[in-house]
Amino acid sequence: EAGVAQSPRYKIIEKRQSVAFWCNPISGHATLYWYQQILGQGPKLLIQFQNNGVVDDSQLPKDRFSAERLKGVDSTLKIQPAKLEDSAVYLCASSLPGHYEQYFGPGTRLTVT
Amino acid sequence: AQSVSQHNHHVILSEAASLELGCNYSYGGTVNLFWYVQYPGQHLQLLLKYFSGDPLVKGIKGFEAEFIKSKFSFNLRKPSVQWSDTAEYFCAVGTNAGKSTFGDGTTLTVKP
């Protein structure tokens, strides 16, 4: 069974630039999560999708972050414009409907200079 | 809102020593509890989980955790650690809506 795929693995941008991350969950996993993990901290949920609908985006900084999952499969997270404090690892995870354990991708390490 | 507190940021043990990592949570409703592990260079993976029933749960690689409801705790234990257990360990609490809140993690270093 293929795992959660993410790309790119690493990204370096300057502040005020835009960046996008892509995630392809495990086949059949209806729930998809995006997390932000700042160095020394645990993952913080940014947004949770159930199929192509948003379940929870209460911690998503909506003035600069956006996410979509148009066909209920893969998802894109965008930051526009980026700030220095956005430097972090962005993790994507997925889970089966009604199951609560999550399967994580390798993450994208973003450095904003 | 739920929160998770992991008491130890960094633990250093010698091989064969016993391990206990503390985890306390706050949440007013029914919780699902998890321990995830991240080995060096790898991504987060599930170590064990508690949903209901026997409060002592066993996971992979000889790990176990005990849910003590009265103490809002879910501590991770292993009787004898190995060098290969060197990793970062995260406790997480989940709601029935599928949302999980993670602690800030404990880095375990096992000296050979």
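Refer to the structure presented above.
Report on the accompanying structure. Note that the coordinates shown come from a computational prediction; the quantities given were computed from them, not determined experimentally.

Structural notes on the nonpolar core
- One finds B:Leu33, B:Trp35, B:Leu48, B:Phe74, B:Leu76 and B:Tyr89 to be the most contacted residues of the largest nonpolar core, which totals 28 residues.
- Broken down by element, this core gets its largest block of residues, four residues, from strand E10 (residues 87–94) of chain B.
- When sequence neighbours within four positions are dropped, the list of residues in contact with B:Leu48 reads B:Leu33, B:Phe34, B:Trp35, B:Val57, B:Lys58, B:Gly59, B:Phe63, B:Glu64, B:Ala65, B:Phe74 and B:Leu76.
- Among the nonpolar cores identified, the runner-up in size contains 21 residues, and A:Ile13, A:Leu60, A:Leu77 and A:Leu110 belong to it.

Notes on the sheet that holds strand E1 (residues 5–7) of chain A
All names here are of chain A.
- Pairing is antiparallel in the open sheet, where four strands are placed in the order E1-E3-E8-E7. Only two strands of the sheet have a single neighbouring strand rather than two, namely E1 and strand E7 (65–68). Averaged over all adjacent pairs, the angle separating strand axes in this sheet is 15 degrees, with direction ignored.
- Relative to strand E3 (residues 19–24), E1 runs antiparallel, the two sharing three bridges. Its bridge partner being in E3, Ala5 is matched across the sheet by Asn24.

Side note on the side chain of B:Thr101
Residues and elements named next belong to chain B.
- For Thr101, the position within the fold is in strand E11 (residues 100–102).
- Classification of Thr101 by relative accessible area gives buried; the value is 18%.
- If near-sequence neighbours (up to four positions away) are discounted, Thr101 is found in contact with Gln2, Ser3, Val4, Cys91, Ala92 and Val93.

Some remarks on the environment of A:Gln50
Residues and elements named next belong to chain A.
- Tracing the backbone shows Gln50 in strand E5 (residues 44–50).
- Gln50 sits 19 residues away from Arg69 along the chain, and the two C-alpha atoms are 9.3 Å apart.
- Residues contacting Gln50, with those up to four places away along its chain left out, are Ala30, Thr31, Val55, Arg69 and Pro97.
- A polar contact of 2.6 Å, which involves the side chain of Gln50, links it to the side chain of Thr31.

Re the pairing of strand E4 (residues 31–37) of chain A
All names here are of chain A.
- Of all seven residues making up E4, seven are buried, and the element is well covered by its neighbours.
- Alternating positions in E4 separate into two faces, Thr31, Tyr33, Tyr35 and Gln37 on one and Leu32, Trp34 and Gln36 on the other, with burial throughout.
- Pairing analysis gives six bridges linking E4 to E5, with the strands arranged antiparallel. When the bridges of E5 are listed, Trp34 appears paired with Ile47.
- Counting the residues between successive antiparallel strands, the hairpin from E4 to E5 contains six residues, one of them, Gly40, with a positive phi of roughly 85 degrees.

A closer look at the interface of chain A and chain B
- The interface is formed by 19 residues belonging to chain A together with 19 residues belonging to chain B.
- Summing the contributions of chain A and of chain B, the shared interface buries around 1,500 Å²; its carbon and sulfur component is 53%.
- Taken as a group, A:Tyr100, A:Glu101 and A:Phe104 account for 42% of the area that chain A buries against chain B, more than any other trio of residues on that side.
- Applying the counting criterion to the chain A and chain B interface returns five residue pairs in polar contact (both at pLDDT 80 or more).
- Looking at the side of chain A that touches chain B, the elements with two or more residues in it are E4 and E5 of chain A.
- The element contributing the most residues to the side of chain A that touches chain B is E4(A), with three residues.
- A class-by-class count of the residues in the side of chain A that touches chain B yields eight nonpolar, nine polar and two charged.

Observations regarding the state of the cysteines
All names here are of chain B.
- Using the criterion set out here, one finds two disulfides over all chains in the structure.
- Through a disulfide, Cys23 is tied to Cys91; the S-S separation comes to 1.9 Å. On the sign convention where negative is left-handed, the bridge of Cys23 and Cys91, at about -65 degrees about the S-S bond, is left-handed. Residue Cys23 is found in strand E4 (residues 23–26), and its partner Cys91 is found in strand E10; the two are separated by 68 residues along the sequence. Each of the two residues, Cys23 as well as Cys91, counts as buried.

Reading the values: the criteria
Residues numbered from 1 in each chain as written. Chains lettered and ligands numbered in written order. Predicted model: local features only at pLDDT ≥ 70, side-chain atom pairs only at ≥ 80, totals over all residues. Heavy atoms only, no water. Core = buried A, V, L, I, M, F, W, Y, C linked by side-chain atoms within 4.5 Å. Buried < 20%, exposed > 50% of the residue type's maximum accessible area, 1.4 Å probe, protein only. Helix = DSSP H or I, 4+ residues; strand = E, 2+ residues; numbered from the N terminus. Contact = heavy atoms within 4.5 Å. Pairing = 2+ DSSP bridges. Axes fitted to C-alpha atoms, helices over the stretch in contact; angles between N-to-C directions. Polar contact = N/O pair within 3.5 Å; in protein donor to acceptor, adjacent residues only side chain to side chain. Buried area = accessible area lost by both parts, 1.4 Å probe. Nonpolar A, V, L, I, M, F, W, Y, C, P; charged D, E, K, R; others polar. Disulfide = S-S within 2.5 Å.

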